[in-house]
Amino acid sequence: MPKPRIKFLVVIAIIIAIIFVIKNCVGIECIPKKNPVKNNHNITFFLDLSDHLDETLYPDKQYGKHRYENFIRTATIFGKKYADFLQNSNKPLIKYDEEIAIVTHPKSFDGIDTYLTNSIIKIDKDNMGEYVGANQTKISESLKRNVSGIFDECRNKYNGSEWPGSSLYDFLEEKEFYNSKKKNLLIIFTDGYPYHKLLKPDENKWFLANSPNWKKSLHNKNRQEVIDKLNQNSDLGLQAATNGLDNLRVLIIGTMPQGPNNLLKEKDLIELLWINWFTKMGVGSENIKVLTMEECNTNDIESKFDWLIKNNWPGIDDFNANNTCIEK
């Protein structure tokens, strides 16, 4: 073999050896991508201040209470479950940054402002001890007091007069309840189809544009027929109020089938419309659940709250980004 050829091979061998030594001495460091969503909760109770608060319009009692009284009971149960969750969490104290708030839309009016303000609970490493241990009922008592106070003020103010209702669409559109860096929980107390008298059909917010009676095409259909129709026509169902709600889990409580239609099919329709609406806004279908008023017994409520707080969040809890490896 010619000497130049030998020298060339020797140089190549030396270079390879040097690279091997450097890699073994210095090593490879893998830096995982950072999860953009922190393991903290941003919790919002939305109270639909509709005429279901009127005992003369809705005299029937579910589980021995009027609808609004059951909402108070439900908020109390959530407070207990959430405090228990905090008590048993293994998260390092320094990482706590939790928040709970009660909201309505309009945001406030005479009589309820104080309750809305006082309902805001922020939990961090400095005040965690105020909400666990011997003080574990503090969150539950706060939610009960404020939800009850808001409902009482509303019933007193609008007793016998027309209810203005609450515009859930406007509330969602403003998106003030959403924190993209946290796990967002939205608990909606309502009575069925989202409705507000100031939102007109031709605004293309609640109804198919120029067709106030679009729901008729979905009534008295079985579940799969409704799903197929909603999938085939994106204009059916409620129109998206916003987008990008990826880190949101929604529990709608208190829906009630009404009207002359088949009640079982109407129950499915209401559920599917809510799911369809929130998926249009970016919420995963696995992160949406609907409870009718008839399903609001304590066991069902507790089960849904366990799902809301404890269940794995696809894409967040199981975040396992590809590691980015660099040489030291």
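Quick caveat: nothing in here was measured; it's all calculated off a predicted structure. (Residues numbered from 1 in each chain as written. Predicted model: local features only at pLDDT ≥ 70, side-chain atom pairs only at ≥ 80, totals over all residues. Heavy atoms only, no water.)

1. So, the pairing of strand E7 (residues 288–292)
Stated formally: Note on classification: 1.4 Å probe, protein chains only; a residue is buried when its accessible area is under 20% of the maximum for its type, exposed when over 50%, partly exposed between these limits. Numbering of helices and strands runs from the N terminus; a helix is a DSSP stretch of H or I covering at least four residues, while a strand is a stretch of E covering at least two. DSSP calls a pair of strands paired once it identifies at least 2 bridges connecting them. Look down the strands so they point away from you; if going from the first strand over the helix to the second traces a clockwise path, that crossover is right-handed.
In terms of burial, E7 is largely enclosed, as four of its five residues are buried. Bridge analysis of strand E6 (residues 248–255) against E7 gives five bridges, and the strand direction is parallel. Within E7, the position partnered with Ile252 by the bridge is Val290. Considered for its hand, the β-α-β crossover made up of E6, helix H7 (residues 263–280) and E7 is right-handed.

2. A closer look at the packing of helix H2 (residues 67–88) against helix H8 (residues 298–310)
Angle between the axes and distance between the axes: these two values describe a pair of packed helices. Our working definition: A fitted line through C-alpha atoms serves as each axis, taken over the contacting stretch for helices, and the angle formed by two N-to-C directions is quoted from 0 to 180°. Throughout this description, any angle smaller than 35 degrees is read as roughly parallel, any larger than 145 degrees as roughly antiparallel, any in the 65 to 115 degree range as roughly perpendicular, and the remainder as oblique. Take the far helix as your reference; a near helix turned counterclockwise from it by less than a right angle gives a left-handed crossing, and one turned clockwise gives a right-handed crossing. Contacts between residues were defined by any pair of non-hydrogen atoms, one from each residue, lying within 4.5 Å. The classification used treats Ala, Val, Leu, Ile, Met, Phe, Trp, Tyr, Cys and Pro as nonpolar, Asp, Glu, Lys and Arg as charged, and all other residues, Gly among them, as polar.
Where H2 contacts H8, the two axes come as close as 10 Å, and the packing angle between them is 45°. Considered as vectors, H2 and H8 are oriented oblique to each other. In the packing of H2 onto H8, the handedness of the crossing is right-handed. Touching Arg73, Thr74, Ile77, Phe78, Lys81, Tyr82 and Phe85 of H2 are Thr298, Ile301, Glu302, Phe305, Asp306, Leu308, Ile309 and Lys310, all from H8. Of the residues contributing to the contact of H2 with H8, the split by class is eight nonpolar, two polar and five charged.

3. Quick word on the sheet that holds E7
Strands in a sheet are paired, the pairing made by backbone hydrogen bonds, and the direction either parallel or antiparallel. Spatially, six strands are ordered E4-E3-E2-E5-E6-E7 in an open sheet, and the strand pairing comes out mixed. At either margin of the open sheet sits one strand with a lone partner, and together these are strand E4 (121–124) and E7. Each neighbouring strand pair of the sheet contributes to a mean axis angle of 10°, computed without reference to strand direction. Examined bridge by bridge, strand E2 (residues 41–47) and strand E5 (residues 183–189) share seven bridges and lie parallel to one another. Across the sheet, the residue bridging to Phe45 is Ile187, located in E5. Its contacts with the sheet place helix H4 (residues 138–157) against E2, strand E3 (97–103) and E4, and it is angled at close to 20° to E3.

4. Brief notes about H8
For the record, the criterion: How far a helix is expected to stretch is found by multiplying one less than its residue total by 1.5 Å. Polar contact is defined as a pair of N or O atoms within 3.5 Å, subject to the rule that within protein one atom must be able to donate a hydrogen and the other to accept it, and that residues adjacent in sequence are counted only when both atoms are side-chain atoms.
Across its 13 residues, H8 extends 17 Å between first and last C-alpha, which sits within 8% of the 18 Å expected from 1.5 Å per residue. Among the structural elements, E2, H2, E5, E6 and E7 are those in contact with the buried residues of H8. N-cap assignment for H8: the residue whose side-chain oxygen lies 3.1 Å from the backbone N of Asn299 is Asn297.

5. Focus on the nonpolar core
For soluble globular proteins, the rule of thumb is that nonpolar side chains tend to be buried together. For the record, the criterion: Working definition of a nonpolar core: buried Ala, Val, Leu, Ile, Met, Phe, Trp, Tyr and Cys residues. They are joined through side-chain atoms within 4.5 Å.
Ranked by internal contacts, the top residues of the largest apolar core, which has 49 residues, are Phe45, Phe78 and Ile139. Counting residues per element, the ones that place at least two in this core are E2, H2, E3, E4, H4, E5, E6 and H8. Broken down by element, this core gets its largest block of residues, nine residues, from H2. Setting aside its immediate chain neighbours within four residues, Phe78 contacts Ile43, Phe45, Leu143, Ile187, Phe305, Leu308 and Ile309. One finds Tyr178, Ala241, Trp277 and Met281 within the second-largest nonpolar core, a separate group that totals 24 residues.

6. Regarding the packing of aromatic side chains
Our working definition: Ring geometry is summarised as follows: Phe, Tyr and Trp rings, the Trp one being its six-membered ring, pair when their centres sit within 6.5 Å, and such pairs are stacked at plane angles under 30 degrees, edge-to-face over 60 and tilted between the two. Criterion for a charge above a ring: Lys NZ or Arg CZ within 6 Å of the ring centre, and within 35 degrees of the ring normal.
Summed over all chains, the structure comprises 14 aromatic pairs. Residues Trp274 and Phe278 carry aromatic rings whose centres are separated by 6.3 Å and whose planes lie at 10° to one another, so their mutual orientation is stacked. Taken together, the residues Trp274 and Phe278, both in helix H7 and four residues apart, mark about one turn of the helix. As far as burial versus exposure is concerned, Trp274 and Phe278 are alike and both buried. An aromatic cluster is defined as three or more aromatic residues linked by ring pairs; in this entry it consists of Phe45, Tyr68, Phe71, Phe78, Tyr82, Phe85, Phe151, Phe189 and Phe305. Taking the ring centre of Tyr96 as reference, the NZ or CZ of Lys91 above it sits at 4.3 Å. For the cation-ring pair, Lys289 lies above Trp307, with the distance from its terminal atom to the ring centre recorded as 5.2 Å.

7. As for the side chain of Asn42
As for its position among the elements, Asn42 is in strand E2. The buried category is assigned to Asn42, whose relative accessible area is 11%. Here the side chain of Asn42 touches Phe177 through a polar contact of 2.6 Å, landing on its backbone oxygen. Other than its neighbours up to four places away in sequence, Asn42 contacts Glu99, Phe177, Tyr178, Asn179, Lys182, Lys183, Asn184 and Leu185.

8. Some remarks on the confidence of the model for the chain
Selection criterion: Confidence of the predictor at the level of single residues is given by pLDDT, which spans 0 to 100.
Across the chain, the average pLDDT comes to 83, with 79% of residues at or above 70. Low pLDDT, under 50, characterises residues 320–328; the predicted model gives this stretch 21 contacts beyond four residues in sequence or across chains.

9. Some remarks on the side chain of Thr76
Summarising the element assignment, Thr76 is placed in helix H2. Residue class for Thr76 comes out buried when judged on its relative accessible area of 13%. Within the structure, Thr76 has its side chain in polar contact with the backbone oxygen of Ile72 (distance 2.8 Å).

10. Structural notes on the pairing of E5
The buried fraction of E5 amounts to seven of the seven residues, a majority that puts the element mostly inside the structure. Alternating positions in E5 separate into two faces, Lys183, Leu185, Ile187 and Phe189 on one and Asn184, Leu186 and Ile188 on the other, with burial throughout. As judged from the six bridges shared by E5 and E6, these two strands associate in the parallel manner. Bridged to Phe189 within E6 is Ile253.

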